[in-house]
Amino acid sequence: MSQTRPPSPAEETSGADEPSLKQVMGPGLLLLFIVGDILGTGIYALTGEIAGEVGGAAWLPFAIAFAVALITACSYLELVTKYPQAAGAALYVHRAFGKHLLTFLVCFAVMCSGITSASAASRAFAANLATGFGLDVGNGVILLIALAFMLLVLAVNLRGVGESVKINVLLTAVELSGLLIVILVSLFFILGGNADFSRVVTFETASDKSVFLAVSTATSLAFFAMVGFEDSVNMAEETKNPARIFPRMMFTGLGITGLIYVLVSICAVAVVPVGQLSESETPLATVVQTAAPGFPISDLLPFISMFAVANSALINMLMASRLLYGMGKQGVLPPFLAKVHPGRRTPQAAIVFTTVIALGLITFVSLSPDSPVVSLLGGTTSLLLLAVFALVNVAVLVLRKERAETEHFSAGRVLPVVGTITCLYLVLPWSSGRPSGQYEIAGVLLALGLVLWVLTWYARRKENANTG
């Protein structure tokens, strides 16, 4: 018999007669969801930054980030097949530790990771738009384009997005096509004897960093390109037979994206000198333009990149606003965040609130022209999620005391421990080599969440005292 555990916030507020979600996702749709969610801003925008950390061996941080993601994915698979319910990391942490404040921090950290990811995507969108139209503009104009794009995401989010299989397939196909173009054009360039493969195994690090620390720093950044697989566990209630198909599709999706990322990074440094690659805000467009300067496809890639990062921004802002809305509805955050537009049926207050945070983040990190905006926001995203992943790996071990009612995937005894250690290694400042700006942004966001939580707790306590 399974042991008792505290109910989650969602369970405390949901009615007993609430209907379950419709199970519509089979293996193919789940695989497309996982691949489409992982592909996006990270590889399109950060390849140059990663090459700037380690030189031509830019493929190595991607390979290590893939291994770390794969280990943590095993923990997620054990939990999602053991508890096939929506809510993801927050549900697992709450079942394991039963602390509402910890559950809130996990939920808010995931939400903040969505906002920082979308902010990084908006900056990458602006840079690719300028490159695509051949605009020779400065940091100020790029900032204005990024802010305007985020306001466009706000308008779409407020209107309501009809999520359909056709749109998901289309956007995933666009993202994949851009990366395949980079690989194929680069291979044509390489087979013509024009590439310098000696760069692929050359480490070039800053004078104040050892090779080991430089690889750690680059891996912390490359992990941003691997995030997204964890979002799929929120689809557990809408997946047919999740215990059977989730492991196969998760491993297949991670394998496909990991292979593509390593191939793209190898091709990029073989075609373009590391210095030129690291200085570009649109590194993959630079690769194609170098490999095929007279080929029309080189002019198309910035626009493909725009579609890819736009998809990332919209998905992340949708996720962030819905999480904030859910916390407001459950009384964990101020109830005004749970307000829904009467006509559109969208969480308007949560959408506006998350967009304001995103606009502030983009502006703050763009004030300095020399600031690596996308890498700073992308690194903050991976910082927040790696901290959550460490907790999920621990939760797997704690929840072993609960027997499952059905057969489920097992991560074994060693992998969750390795996952916890590797995730913490990439989080801690003295081992990950992260810039202090990432911790400052993450700290401000979590402090904002704590203020909201305290205000809500105080208001509810005062309300209970008045009605008691």
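Below is a short write-up of the structure.

Each value, and the rule that gives it
- Residues numbered from 1 in each chain as written.
- Predicted model: local features only at pLDDT ≥ 70, side-chain atom pairs only at ≥ 80, totals over all residues.
- Heavy atoms only, no water.
- Helix = DSSP H or I, 4+ residues; strand = E, 2+ residues; numbered from the N terminus.
- Expected span 1.5 Å × (residues − 1).
- Buried < 20%, exposed > 50% of the residue type's maximum accessible area, 1.4 Å probe, protein only.
- Contact = heavy atoms within 4.5 Å.
- Axes fitted to C-alpha atoms, helices over the stretch in contact; angles between N-to-C directions.
- Parallel < 35°, antiparallel > 145°, perpendicular 65-115°, else oblique.
- Left-handed = near helix turned anticlockwise from the far one by under 90°.
- Nonpolar A, V, L, I, M, F, W, Y, C, P; charged D, E, K, R; others polar.
- 1 Å grid on protein atoms, 1.4 Å probe; cavity = no way out; pocket = protein on both sides within 12 Å on 5 of 7 lines; lining within 4 Å.
- Points joined across faces, edges and corners; volume = space filled by probe spheres on them.
- Core = buried A, V, L, I, M, F, W, Y, C linked by side-chain atoms within 4.5 Å.
- Phe/Tyr/Trp six-rings, centres within 6.5 Å; stacked < 30°, edge-to-face > 60°.

### What to know about helix H18 (residues 436-467)
With 32 residues, H18 ought to run about 46 Å at 1.5 Å a step, and its terminal C-alpha atoms sit 46 Å apart, in line with that. Of the residues making up H18, those classed as buried are Gly437, Gln438, Ile441, Ala442, Leu445, Gly449, Leu452 and Thr456. Considering only its buried residues, H18 is in contact with helix H6 (100-132), helix H14 (348-366) and helix H15 (373-398).

### Some thoughts on the packing of H15 against H18
How two helices sit against one another is set out by the angle between their axes and by the gap between those axes. Their axes nearest at 9 Å, the elements H15 and H18 cross at an angle of 60°. By the angle class used here, H15 and H18 are oblique. Crossing of H15 against H18: the hand is right-handed. Listed contacts from H18 to Ser375, Leu376, Leu377, Gly379, Thr380, Leu383 and Leu384 of H15 are Gly437, Gln438, Tyr439, Ile441, Ala442 and Leu446. Of the residues in the contact of H15 with H18, the class split is eight nonpolar, five polar and no charged.

### Brief notes about the layout of surface pockets
Taking a probe equal in size to a water molecule and rolling it over the atoms shows the remaining empty space. Roughly 280 Å³ of volume is contained in the second largest pocket. Glu49, Glu53, Pro372, Ser375 and Pro435 are, among the 16 residues lining the second largest pocket, the residues nearest its centre. Within the residue set of the lining of the second largest pocket, elements represented by two or more residues are helix H3 (41-54), helix H9 (211-222) and H15. Sorting elements by how many residues they give to the lining of the second largest pocket places H3 first, with four residues. Looking at the lining of the second largest pocket residue by residue, the class counts come to four nonpolar, nine polar and three charged.

### Quick word on empty space enclosed by the protein
Going through the model one piece at a time under the given rule, you end up with one cavity of 30 Å³ or more. Within this model, the largest cavity holds a volume of roughly 220 Å³. For the largest cavity, the lining is made up of 25 residues, of which Asp37, Ser117, Val227, Gly228 and Asn316 are closest to its centre. Elements that contribute at least two residues to the lining of the largest cavity include exactly helix H2 (27-38), H3, H6, helix H13 (297-329) and H15.

### Brief notes about the nonpolar core
One broad rule of soluble globular proteins: the nonpolar side chains tend to lie buried together. Grouped together as the largest cluster of nonpolar side chains are 139 residues, with contacts concentrated most on Tyr76, Leu179, Phe229 and Tyr261. At 17 residues, the largest contribution of residues to this core is made by H6. With residues near it in sequence (within four places) discarded, Tyr76 still touches Ala89, Tyr92, Phe229, Glu230, Val233, Val388, Phe389 and Val392.

### A closer look at the packing of aromatic side chains
Taken as a whole and assessed by the stated rule, the structure comprises 12 aromatic pairs. Ring plane angle 15° and centroid distance 4.1 Å describe the contact between Phe125 and Phe149, whose orientation is recorded as stacked. Taken together, the positions of Phe125 in helix H6 and Phe149 in helix H7 (residues 139-159) put the pair 24 residues apart, joining distant regions of the chain. Each member of the pair, Phe125 as well as Phe149, is classed as buried. Ring geometry for Phe223 and Phe389: centres 5.8 Å apart, planes at 65°, overall edge-to-face. Taken as a pair, Phe223 in the loop between H9 and helix H10 (242-271) and Phe389 in helix H15 lie far apart in primary sequence, 166 residues in all. Since its relative accessible area comes to 0%, Phe223 is described here as buried. For Phe389, a relative accessible area of 0% puts it in the buried group. Aromatic rings pair up to connect Tyr76, Tyr92, Phe223, Phe229 and Phe389 into one cluster.

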